[in-house]
Amino acid sequence: LEILEGRHFIRPDKEWLNLVADEVNVKSVEFVKILPQGELWVKVEEGDWRIALDTHVTPQLKAEGEKRELIRNIQDGRQALGLKPGDKNIKVFVFQEGPGRPSMQNLFGVARIVGAESVKPGKPKKFDFHGKYTIDGVTTSIRIRKIGRK
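Quick summary incoming for the structure in this document.

The rules behind these values
- Residues numbered from 1 in each chain as written.
- Predicted model: local features only at pLDDT ≥ 70, side-chain atom pairs only at ≥ 80, totals over all residues.
- Heavy atoms only, no water.
- Helix = DSSP H or I, 4+ residues; strand = E, 2+ residues; numbered from the N terminus.
- Buried < 20%, exposed > 50% of the residue type's maximum accessible area, 1.4 Å probe, protein only.
- Contact = heavy atoms within 4.5 Å.
- Areas by Shrake-Rupley, 256 points an atom, 1.4 Å probe, with all protein chains shown as cover.
- Pairing = 2+ DSSP bridges.
- Salt bridge = Lys/Arg side-chain N within 4 Å of Asp/Glu carboxyl O.
- Axes fitted to C-alpha atoms, helices over the stretch in contact; angles between N-to-C directions.

## Some thoughts on the overall build of the protein
And step 1. Within the protein, the secondary structure is distributed over 4 helices and 8 strands.
And step 2. Taken from N to C terminus, the helices and strands of the protein fall in the order β-α-β-β-β-α-β-α-α-β-β-β.
And step 3. Across the 150 residues that make up the protein, the buried fraction comes to 32%.
And step 4. Pairs at least 24 apart in sequence give 64% of the contacts found in the protein among residues at least 6 apart.
And step 5. Roughly 10300 Å² of accessible area belongs to the protein as shown, and the carbon and sulfur atoms make up 52% of that amount.

## As for the environment of Q37
And step 1. Along the polypeptide, Q37 turns up in the loop between β2 (30–32) and β3 (41–46).
And step 2. On the accessibility criterion, Q37 (62% relative accessible area) is exposed.
And step 3. Separated by 15 residues in the primary sequence, Q37 and A52 have C-alpha atoms spaced 8.9 Å apart.

## A closer look at the pairing of strand β4 (residues 49–54)
And step 1. Across 6 bridges, the pairing between β3 and β4 is antiparallel. By the bridge assignment for β4, E46 is matched with W49.
And step 2. Counted between consecutive antiparallel strands, the loop separating β3 from β4 contains 2 residues, among which G47 sits at a positive phi close to 60 degrees.

## Quick notes on the pattern of salt bridges
And step 1. Following the criterion strictly, the structure yields 6 salt bridges and no others.
And step 2. Residue E64 pairs with K27 through a salt bridge whose shortest N-O separation is 2.7 Å. Linking E64 in helix α2 (residues 59–80) with K27 in the loop between α1 (14–23) and β2, this pair joins segments that are 37 residues apart in sequence.
And step 3. Of the residues examined, E64 reaches a relative accessible area of 23% and is grouped as partly exposed.
And step 4. Given the relative accessible area of 57%, K27 is considered exposed.
And step 5. Of the charged contacts in the structure, one is a salt bridge between D136 and K62, with a shortest N-O distance of 3.2 Å. Taken together, the residues span a long stretch of sequence, with D136 in the loop between β7 (129–135) and β8 (138–146) and K62 in helix α2 at a distance of 74 residues.
And step 6. When its relative accessible area of 61% is taken as the criterion, D136 is described as exposed.

## Some words on the pairing of β7
And step 1. Here β7 pairs with β8 via 7 bridges, running antiparallel. Bridge pairing in β8 links F129 to I144.
And step 2. Adjacent in sequence and paired antiparallel, β7 and β8 are bridged by 2 residues, among which D136 carries a positive phi angle near 50 degrees.

## Quick notes on the sheet that holds strand β6 (residues 118–121)
And step 1. Read across the sheet, 4 strands follow the order β6-β5-β8-β7 without closing on themselves; strand pairing throughout is mixed. The strands lining the two open edges of the sheet, one partner per strand, are β6 and β7. Here the average twist between neighbouring strands, direction ignored, is 20 degrees.
And step 2. Against the sheet, α2 makes contact with β5 (90–97), β6, β7 and β8, and its axis sits at roughly 155 degrees relative to β7, the strand it touches most.

See the structure below:
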């Protein structure tokens, strides 16, 4: 997201720019003298403000979005099981129905974020929670098993 400075005097610091980026769900926010051009830039004008949004989705951005969706769905499963934030007594298994497999890159670091002993590919027969979500026509299933379950 890039913002062209008009008559408004704004000297945002890095923390403010990061807050705006988080609120509008973009990777970064920058003030520029001239807005970028191109068909992938969406532009909005409001009074003295001119804003451009880069709508190009790179493979890295797509992977980050898929990882966030995985994390959100695991957190939903934890909540459905009545787990508290500090409870790490679960194993999470992820598999895709149809073409493709969950990217190991998307699974890296997820266990720490969601408070699980592990998050890995797999399709166990015994589980305590099962959830699904679909992105771009590929359905991903999540199975959560409480540790100690036989």
